[in-house]
Amino acid sequence: MLSSSQRYPSPFTTRIFSDVAGDITIVVDGESFLLHKFPLVSRSGKIRKMVADAKDSNISKLELHNIPGGPQTFELAMKFCYGMNFEITTANVAHLRCAAEYLEMTEDYRDENLVERTEIYLSEVVVQSIEKSVEVLSACEMLLPTAEEIGIPNRCVEAIAINACKEQLVSGLSRLECNEESAELKSGCIEWWIEDLSVLKIDYYQRVICAMGRLGVRQDSIVASLMHYAQTSLKGIGKYQIWNPAKTKPSPSLAEHDQSIILEILVSLMPSEKSSAIPLSFLFGMLRMAIMLDTSIACRLELERRIAFRLEMVSLDDLLIPSVRSGDSLFDVDTVHRILVSFLQRVEEEDNEDFGYESEGLASTSHGSLLKVGKLIDAYLAEIAPDPYLSLQKFIAMLEILPDYARVIDDGLYRAIDIYLKAHPMLSDHDCKKLCKFIDCQKLSQDACNHAAQNDRLPVQMTVRVLYFEQIRLKNALSGSSGDGFLSQRISSGIPSAAMSPRDNYASLRRENRELKLEISRMRVRLSELEKEQMYMKQGMIDKSANGKTFFTSISKGIGRIGIFGSSPAGGRQQKSGRKSRRSDGKNGKSRRHSTS
């Protein structure tokens, strides 16, 4: 005889087969199902065992806990037991497979049971397509740990990587056989699966990218996928003010903590090969985000190392990283300093690997990169110099890190120091002298020397040095000397010492060779300046001859242009006009670009 609950089921009870009264109620997560024992025990080993183990042979109610997929998936599994038709799709196959495992619907109880049916669908449909594999893999995120025990995620990950390799191969062959249209088709194919991967959680996404790298998917495709995933998942960063010197960073929220983990994993997934074409703008964006999220030190150092490897290609705006620490300078000088240290280590390693003389000097790749970085750092120093919160210690640390051979002329260095002195008028004489020691007066151009000779912000000793070297330069120019008067003092004999090891001898000769190359470059700069002055003198002779002036008067006027001691009216007017133009630049709103006036 049926109980009252069986005769009058509650409104929340689901009846799958309503023509015949049910004889068992199964409760799944609070939802009741009025069912029949025979079709259930004939296909589900778990329900068969529960009925057999029950003390009461007439048991009419069972409870199932933590079934994968919940009541909705259980209802589909029960429909399968009753032989009712329903469609297995990519949206429910993972849930059905896990529920079938939970209910033990294997071949031991009935042929073509739910486990086998779902396995056939996974093998014949899901793993043949990247899109379907991604959808099933995404569904597995809600079916843990059963999905992992069955191995569905691993099969989907491998399927995605294999199918990506197949598409890469097909598109590559099409590119060889067809015209440029195939390349456009190929790029379109890459874009759609890259976009599909962005729906995955970071754990599954990491497994997919690792599998792709292991199976040989192109690095540019992996980099494009990493960039797209970062753009879609790393959002809402930097809501707090970063330009306020008195800023205080709030405690990281849960979302920021998750984003920090995502960023660290994305950095670890970047291709390790040095030739990988990861855009510098993306690296700097990730670095700024890593600083704001306060990620691990290893993550930030890896980004800095990658940037340092191509530092000569970096723009000035990329280096202007805002500081997020309270009471610090406006710009993150420490990060740039670490990047520069890493770059110099790379240059040193490249030099040590090459024991031939052919690649030494200014013609070598490493030294050419060093000269570009020298100009970049000088421009960077000029940008951060006006910062009132920039300490002298940090500024000096940036000044002294570059070696002497990183600069052919010191005009950019002089400009940066002059801006710092102008922005920090309270510096003591001792600190001013310490700064000016980094300027090599022999490496200043004619215009820089003229400016330095009249610069009242410089220490007296610096001004005297500038005048002294300029006087020697003028004397050499008038005497027709081809050198600058200091070549013999700056270059050693270059004879190897018997007490030194071959490697030390090589290092010494390499330094001497580099110094020779630099001296030649400086002499070329001087020669260029003298040629310009010669043109002025010739033009002056022609003009004066037309006005009845003598040849010697023309010569004296030309010499006056070379000298720095003369205070001709023309020179004074030129200086004033330069200052006026610089003041007008300041009114135009270019607050970050500063002159040396």
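Regarding the overall build of the protein chain
For step 1, the next point in the chain: Secondary structure assignment for the protein chain yields 27 helices and four strands.
For step 2, the next point in the chain: Residue burial in the protein chain is summarised as follows: out of 597 residues, 45% are buried.
For step 3, the next point in the chain: Of the contacts formed within the protein chain by residues at least 6 apart in sequence, a portion of 72% connects residues at least 24 apart.
For step 4, the next point in the chain: Accessible area of the protein chain: about 31900 Å², with a carbon and sulfur share of 54%.

Focus on the side chain of Gln168
For step 1, the next point in the chain: Tracing the backbone shows Gln168 in helix α9 (residues 152–177).
For step 2, the next point in the chain: Here Gln168 falls in the buried class, since its relative accessible area comes to 17%.
For step 3, the next point in the chain: Among the polar contacts made by the side chain of Gln168, one reaches the main-chain amide nitrogen of Arg218 at a distance of 2.6 Å.

Some thoughts on the packing of aromatic side chains
In this description, a pair of aromatic rings is defined by centroid distance and the angle of the planes.
For step 1, the next point in the chain: Across all of its chains, the model carries three aromatic pairs by this definition.
For step 2, the next point in the chain: Their ring planes at 65 degrees and their centres at 5.1 Å tell us that Phe33 and Phe74 sit as a pair that is edge-to-face. Separated by 41 residues along the polypeptide, Phe33 in strand β3 (residues 31–35) and Phe74 in helix α4 (residues 70–81) bring together distant segments of the chain. With respect to burial, Phe33 and Phe74 carry one shared label: buried.
For step 3, the next point in the chain: Its guanidinium or amino end placed over the ring of Tyr102, Lys46 lies 4.9 Å from that ring's centre, counting from NZ or CZ.
For step 4, the next point in the chain: The positively charged end of Arg346 is found above the aromatic ring belonging to Phe309, 5.4 Å away from the centroid.

What to know about the pattern of salt bridges
For step 1, the next point in the chain: All chains considered together, the criterion is met by 17 salt bridges.
For step 2, the next point in the chain: Between Glu148 and Arg207 there is a salt bridge whose closest N-O contact spans 2.9 Å. Of the two residues, Glu148 sits in helix α8 (residues 146–150) while Arg207 sits in helix α11 (residues 202–215), which places them 59 residues apart along the sequence.
For step 3, the next point in the chain: Salt-bridge contacts for Arg457 lead to Asp418; the nearest nitrogen and oxygen are separated by 3.1 Å. One end of the pair, Arg457, is in the loop between α22 (446–453) and α23 (460–479); the other, Asp418, is in helix α20 (residues 411–423), with 39 residues separating them in the sequence.
For step 4, the next point in the chain: Note on Arg457: relative accessible area 24%, which makes it partly exposed.

Overview of the packing of α20 against α22
For step 1, the next point in the chain: Closest axis-to-axis distance for the α20/α22 pair is 10 Å, and the angle between their directions is 25 degrees. Relative to α22, the element α20 lies roughly parallel. As α20 runs across α22, the sense of the crossing is left-handed. Here Asp411, Tyr414 and Asp418 of α20 lie close against α22, whose contacting residues are Ala448, His451 and Ala452.
For step 2, the next point in the chain: Class assignment for the residues of the contact of α20 with α22 results in three nonpolar, one polar and two charged.

Quick word on the pairing of β3
For step 1, the next point in the chain: Among the five residues in β3, four count as buried, and that is most of the element.
For step 2, the next point in the chain: Pairing analysis gives five bridges linking strand β2 (residues 24–28) to β3, with the strands arranged antiparallel. Considered in β3, the bridge of Ile26 is made with Phe33.
For step 3, the next point in the chain: Connecting the antiparallel pair β2 and β3 is a turn made up of two residues, with Asp29 showing a positive phi of about 50 degrees.

Re the confidence of the model for the protein chain
For step 1, the next point in the chain: With 66% of its residues at a pLDDT of at least 70, the protein chain reaches an overall mean of 75.
For step 2, the next point in the chain: Counting interchain partners and residues more than four positions distant, the pLDDT-below-50 stretch residues 181–189 has six contacts.

Quick notes on the state of the cysteines
For step 1, the next point in the chain: Scanning the entire structure with this criterion turns up zero disulfides.
For step 2, the next point in the chain: With no disulfide of its own, Cys449 has Cys441 as its nearest cysteine by sulfur position, at a separation of 7.1 Å.

Things to note about the environment of His430
For step 1, the next point in the chain: Its place among the elements puts His430 in helix α21 (residues 429–436).
For step 2, the next point in the chain: Once the C-alpha coordinates of His430 and Pro459 are considered, the two residues, 29 residues apart in sequence, prove to be 9.2 Å apart.

Re the environment of Phe395
For step 1, the next point in the chain: Along the chain, the position of Phe395 falls in helix α19 (residues 392–400).
For step 2, the next point in the chain: As for Phe395 and Ile384, which are separated by eleven residues in sequence, their C-alpha atoms are 8.7 Å apart.
For step 3, the next point in the chain: Contact partners of Phe395, with chain neighbours within four places excluded, come to Leu381, Ala385, Leu390, Ala416, Ile417, Tyr420 and Leu435.

Observations concerning the packing of α4 against helix α5 (residues 93–103)
Packed helices, taken two at a time, are described by their axes: the angle between them and the distance between them.
For step 1, the next point in the chain: Closest axis-to-axis distance for the α4/α5 pair is 10 Å, and the angle between their directions is 70 degrees. The pairing of α4 with α5 is recorded here as roughly perpendicular in orientation. Residues Thr73, Phe74, Leu76, Ala77 and Met78 of α4 lie in contact with α5, whose contacting residues are His95, Leu96, Ala99 and Leu103.
For step 2, the next point in the chain: Split into classes, the residues belonging to the contact of α4 with α5 amount to seven nonpolar, two polar and no charged.

A look at a negative patch on the surface
For step 1, the next point in the chain: Residues Glu107, Asp108, Asp111 and Glu112 make up a contiguous surface patch of negative charge.
For step 2, the next point in the chain: Of note, Glu107 is situated in the loop between α5 and α6 (114–124).
For step 3, the next point in the chain: Look at Glu107 and you get partly exposed, because its relative accessible area is 33%.

Reading guide: rules and limits
- Residues numbered from 1 in each chain as written.
- Predicted model: local features only at pLDDT ≥ 70, side-chain atom pairs only at ≥ 80, totals over all residues.
- Heavy atoms only, no water.
- Helix = DSSP H or I, 4+ residues; strand = E, 2+ residues; numbered from the N terminus.
- Buried < 20%, exposed > 50% of the residue type's maximum accessible area, 1.4 Å probe, protein only.
- Contact = heavy atoms within 4.5 Å.
- Areas by Shrake-Rupley, 256 points an atom, 1.4 Å probe, with all protein chains shown as cover.
- Polar contact = N/O pair within 3.5 Å; in protein donor to acceptor, adjacent residues only side chain to side chain.
- Phe/Tyr/Trp six-rings, centres within 6.5 Å; stacked < 30°, edge-to-face > 60°.
- Lys NZ or Arg CZ within 6 Å of the ring centre and 35° of its normal.
- Salt bridge = Lys/Arg side-chain N within 4 Å of Asp/Glu carboxyl O.
- Axes fitted to C-alpha atoms, helices over the stretch in contact; angles between N-to-C directions.
- Parallel < 35°, antiparallel > 145°, perpendicular 65-115°, else oblique.
- Left-handed = near helix turned anticlockwise from the far one by under 90°.
- Nonpolar A, V, L, I, M, F, W, Y, C, P; charged D, E, K, R; others polar.
- Pairing = 2+ DSSP bridges.
- pLDDT = per-residue confidence, 0-100.
- Disulfide = S-S within 2.5 Å.
- Patch = residues over 30% accessible without salt bridge, like charges linked within 9 Å, V, L, I, M, F, W, Y side chains within 5 Å.
- Lys, Arg positive; Asp, Glu negative; His and termini not counted.
- Charge placed at Lys NZ, Arg CZ, Asp CG, Glu CD.

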